[in-house]
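Structural features, examined
Each chain is listed here by its residues.
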Amino acid sequence: MAEYVGRFAPSPTGPLHFGSLVAALASYLDARSAKGKWHLRLDDLDQPRTQPGAASEILRALDLLGFEWDGPVLVQSQRLERYRAALDELARRGLAYPCSCTRKELEDSALAIDGARIYPGTCRQGLAPGKAARALRLRTHAAPIGFADAIQGWVEQRVEKEVGDFVLLRADGVIAYQLAVVVDDMDQGISHVVRGADLLDSTARQIHLQRLLGARTPHYAHLPVALNAAGEKLSKQTGARPLDLAHPQAELARARRFLGQAADGWDLARVPRVRAIGAPE
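Anyway, here's the lowdown on the structure attached to this text.

Here is what the cut-offs are and how they apply
Residues numbered from 1 in each chain as written. Predicted model: local features only at pLDDT ≥ 70, side-chain atom pairs only at ≥ 80, totals over all residues. Heavy atoms only, no water. Pairing = 2+ DSSP bridges. Helix = DSSP H or I, 4+ residues; strand = E, 2+ residues; numbered from the N terminus. Axes fitted to C-alpha atoms, helices over the stretch in contact; angles between N-to-C directions. Contact = heavy atoms within 4.5 Å. Core = buried A, V, L, I, M, F, W, Y, C linked by side-chain atoms within 4.5 Å. Buried < 20%, exposed > 50% of the residue type's maximum accessible area, 1.4 Å probe, protein only. Parallel < 35°, antiparallel > 145°, perpendicular 65-115°, else oblique. Nonpolar A, V, L, I, M, F, W, Y, C, P; charged D, E, K, R; others polar. Right-handed = clockwise from strand over helix to strand, strands pointing away. Phe/Tyr/Trp six-rings, centres within 6.5 Å; stacked < 30°, edge-to-face > 60°.

Here the focus is the sheet that holds strand β8 (residues 167-169). Taking strand neighbours across the sheet as the criterion, the three strands line up as β4-β5-β8 in an open arrangement whose pairing is antiparallel. The open sheet terminates on both sides in strands that have one partner only, identified here as β4 (96-99) and β8. Here the average twist between neighbouring strands, direction ignored, is 40 degrees. As defined by bridge partners, strand β5 (residues 135-138) adjoins β8 across two bridges and the pair is classed as antiparallel. Counterpart to Leu136 in the pairing with β8 is Leu169. Sheet strands touched by helix α3 (residues 80-92): β4, β5 and β8. Its angle to β8, the strand with the most contacts, is close to 125 degrees.

This brings us to the side chain of His17. Tracing the sequence through the fold places His17 in the loop between β1 (5-8) and α1 (18-33). Not counting residues up to four positions away in its chain, the partners in contact with His17 are Leu234, Ser235, Lys236, Ala240, Arg241 and Leu243.

Although it is not a glycine, Lys35 sits at a positive phi angle of roughly 55 degrees. Note on placement: Lys35 falls in the loop between α1 and β2 (37-42).

Once that is clear, we can look at the nonpolar core. Within the largest apolar cluster, 36 residues are counted, with the highest numbers of intra-cluster contacts made by Phe8, Leu62, Phe67, Leu223 and Leu259. A total of 10 residues in this core trace back to one element, the largest contributor, which is α1. When residues no more than four places from it in sequence are discounted, the contact partners of Leu223 are Val22, Ala23, Ala26, Ile151, Gln152, Val194, Arg195, Gly196, Ala197, Leu259, Val271 and Arg275.

Another point: the environment of Gln188. Looking at where Gln188 falls in the secondary structure, it is placed in helix α5 (residues 177-188). For the pair Gln188 and Leu64, spaced 124 residues apart in the sequence, the C-alpha separation amounts to 25 Å. Every residue in contact with Gln188, bar those within four places of it in the chain, is listed here: Val5, His39, Arg41 and Leu74.

With that out of the way, let us pick up the packing of α3 against α5. In the contact formed by α3 and α5, the axes pass within 10 Å of each other and the chain directions differ by 105 degrees. One finds that α3 runs roughly perpendicular with respect to α5. Within the contact between the two elements, α3 uses Arg82, Tyr83, Ala86, Leu87 and Leu90 and α5 uses Leu179, Ala180, Val183, Asp184, Met186 and Asp187. Of the residues that constitute the contact of α3 with α5, the class distribution is eight nonpolar, no polar and three charged.

Time to look at the sheet that holds β1. If you trace the three strands from one edge of the open sheet to the other, you get β1-β2-β3, paired in parallel fashion. The open sheet has two edge strands, β1 and β3 (74-75), and neither has a second partner. Of the strand pairs in this sheet, β2 and β3 are connected by two bridges, and their pairing is parallel. When the sheet's bridge partners are listed, Arg41 is paired in β3 with Leu74. Strand contacts of α1: β1 and β2, with the helix running at about 150 degrees to β2, the strand carrying the most contacts.

Of all five residues in strand β9 (residues 192-196), four are buried; the element is thus mostly enclosed. The pairing of β9 with strand β10 (residues 219-223) spans five bridges and is classified as parallel. Each bridged residue has a counterpart across the sheet, and for His192 the counterpart in β10 is His219. At this point the chain moves from β9, through helix α6 (residues 203-213), to the parallel β10, and the crossover so formed is right-handed.

Another aspect to go through is the packing of aromatic side chains. Given two aromatic rings, one states the distance between the centres and the angle between the planes to describe the pair. Inspection of the entire model under this criterion finds six aromatic pairs. Considering the side-chain rings of Tyr28 and Trp38, the 4.9 Å spacing of their centres and the 85 degrees angle between planes classify their relative orientation as edge-to-face. In this pair, Tyr28 is assigned in helix α1 and Trp38 in strand β2, connecting sequence segments 10 residues apart. Residue Tyr28 is classed as buried on the basis of its relative accessible area of 13%.

Coordinates in, geometry out; function isn't part of it.
Below is the structure:
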């Protein structure tokens, strides 16, 4: 059997909250139950959103909670040359192209499943006269991309129709999440991805990129997202409170209950087969 290699990739935009802990705990327990490795990665490419000191606070919190990761922490902001090399390869092969479209120019496009605008292919055949490139997009195709998720079941998406050619390099010069996560997973040899269902609709895009870059597709398991009392995803934007690190065992027990687990051990089959659940008190 091939080695199990998992990972957890928080963004250092603030302290860990309950939703973060759920993803960390599930990915960690799934890796350790398979006697596999578990890597830690800091998704800090969006520097304007990164909070000073948040990265070290996240590492401290994970340590207090008893997590042990394998190898050095991968920091995305230190890998810009690697991402640029992948971009250059895709562009050289004609798979990525420059785009001049602004958000305002795309306002009349239909909404994609993730709330963004479906790209209509305006710049696919080249930039219009007098237009300058603002972003770099990846060419998609009409064929469906499907995968068997260990929690959510069979998922299928026609990326060209439901998302359109998506951005790899943003107008502000930031490498897009979709490219960075695929390159990182490829370089770290990630075999299993256990993460929140809020990223489920991004997975077909990532599989498309994996195939173009010659990377293997990991096994996926998308956990239910934790919701607050207002039915919103727990996040820093919705005011999710930081974990109570004075009582780490209580926080871990709460996350285990949310995941349908007993006090010890791990069984992925017990995780609720839904996309979202209210966070327990």
